[in-house]
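# Results of the structural survey
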Amino acid sequence: MSGQGSSWTFLTHHARVLLTIARDPEARLRDVAQSIGITERAVQGIVADLHEAGYLTRRRVGRRNHYQLNLDHNFRYPTEAHAPVRALVDLFANLEPRQGSPVPAEGDQDLPP
């Protein structure tokens, strides 16, 4: 390992998008992208993945989308496949991001400690 710290995190972008939508089912994808520090296009792809896998549904309301999560859908990885995503959402969705916390730009290697 080099002198610089590793850039890995415990939660994936898919988990962060899911949690952001859990907090605000009417969030614009632009706002989701900004809140977690990735591109809007990346969020669109993640929402498509989550929709295709059955973790969320989309409903058009006027000019906006409204998302509904399927919290009883289980995790995908075999070691967690027995547990519903509700466990993750219950743990994190009510935790608001700290005000003033920097959100690193996509690909930024300097994550806050």
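Notes on the structure in this doc start here. (Residues numbered from 1 in each chain as written. Predicted model: local features only at pLDDT ≥ 70, side-chain atom pairs only at ≥ 80, totals over all residues. Heavy atoms only, no water.)

### So, the side chain of His 66
This is how the line gets drawn: Comment: elements are numbered from the N terminus, with helices defined as DSSP H or I runs of at least four residues and strands as E runs of at least two. It only takes one pair of heavy atoms within 4.5 Å for two residues to be counted as in contact.
Within the secondary structure layout, His 66 lies in strand β2 (residues 64-69). Contact partners of His 66, with chain neighbours within four places excluded, come to Pro 25, Glu 26, Thr 57, Arg 58, Arg 59 and Val 61.

### A short note on helix α3 (residues 40-52)
The line we're drawing: Multiplying 1.5 Å by the helix residue count minus one yields the expected span of that helix. Remark: exposure states derive from per-residue accessible area (1.4 Å probe, protein chains only) relative to the maximum for the residue type, with buried under 20%, exposed over 50%, and partly exposed in between. What the arc describes is the spread of directions from the helix axis to the C-beta atoms.
Its 13 residues place the ends of α3 18 Å apart at the C-alpha level, agreeing with the 18 Å of an ideal helix rising 1.5 Å per residue. Those residues of α3 not exposed but buried are Val 43, Ile 46, Val 47 and Leu 50. Down the axis, α3 shows its buried residues gathered within 100 degrees of arc, on one side only. Facing away from the buried side of α3 by more than 90 degrees, the exposed set consists of Arg 41 and Glu 52.

### Describing the nonpolar core
Buried together is how nonpolar side chains tend to be arranged in soluble globular proteins. Formally: Buried Ala, Val, Leu, Ile, Met, Phe, Trp, Tyr and Cys residues that are joined via side-chain atoms within 4.5 Å together make up what is termed a nonpolar core.
Val 17, Leu 18, Ile 21, Val 43, Val 47, Leu 50 and Leu 56 are the most contacted members of the largest nonpolar core, which has 24 residues in total. Excluding residues that lie within four positions of it along the chain, Val 43 makes contacts with Val 17, Leu 29, Val 32, Ala 33 and Ile 38.

### Side note on the packing of helix α2 (residues 29-36) against α3
The line we're drawing: A fitted line through C-alpha atoms represents every axis, and for helices the fit uses only the stretch in contact; the resulting angles, taken between N-to-C directions, go from 0 to 180 degrees. Note on angle classes: values under 35 degrees are labelled roughly parallel, values over 145 roughly antiparallel, values of 65 to 115 roughly perpendicular, and the remainder oblique.
Running from amino to carboxyl end, α2 crosses α3 at an angle of 110 degrees, the nearest separation of the two axes being 8 Å. One element, α2, and the other, α3, form an angle in the roughly perpendicular class. Contacts between α2 and α3 involve Leu 29, Arg 30, Val 32 and Ala 33 from the first element and Glu 40, Val 43, Gln 44 and Val 47 from the second.

### Looking at the pattern of salt bridges
For the record, the criterion: Here, a salt bridge means any side-chain nitrogen of Lys or Arg that lies within 4 Å of a carboxyl oxygen of Asp or Glu.
Inspection of the entire model under this criterion finds three salt bridges. The residue Arg 30 makes a salt bridge to Glu 40 at a minimum N-O spacing of 3.9 Å. Linking Arg 30 in helix α2 with Glu 40 in helix α3, this pair joins segments that are 10 residues apart in sequence. Judged by its relative accessible area of 48%, Arg 30 falls in the partly exposed class. With its nearest N and O atoms 3.0 Å apart, the salt bridge here joins Asp 72 to Arg 86. Linking Asp 72 in the loop between β2 and α4 (86-92) with Arg 86 in helix α4, this pair joins segments that are 14 residues apart in sequence. Given the relative accessible area of 54%, Asp 72 is considered exposed.

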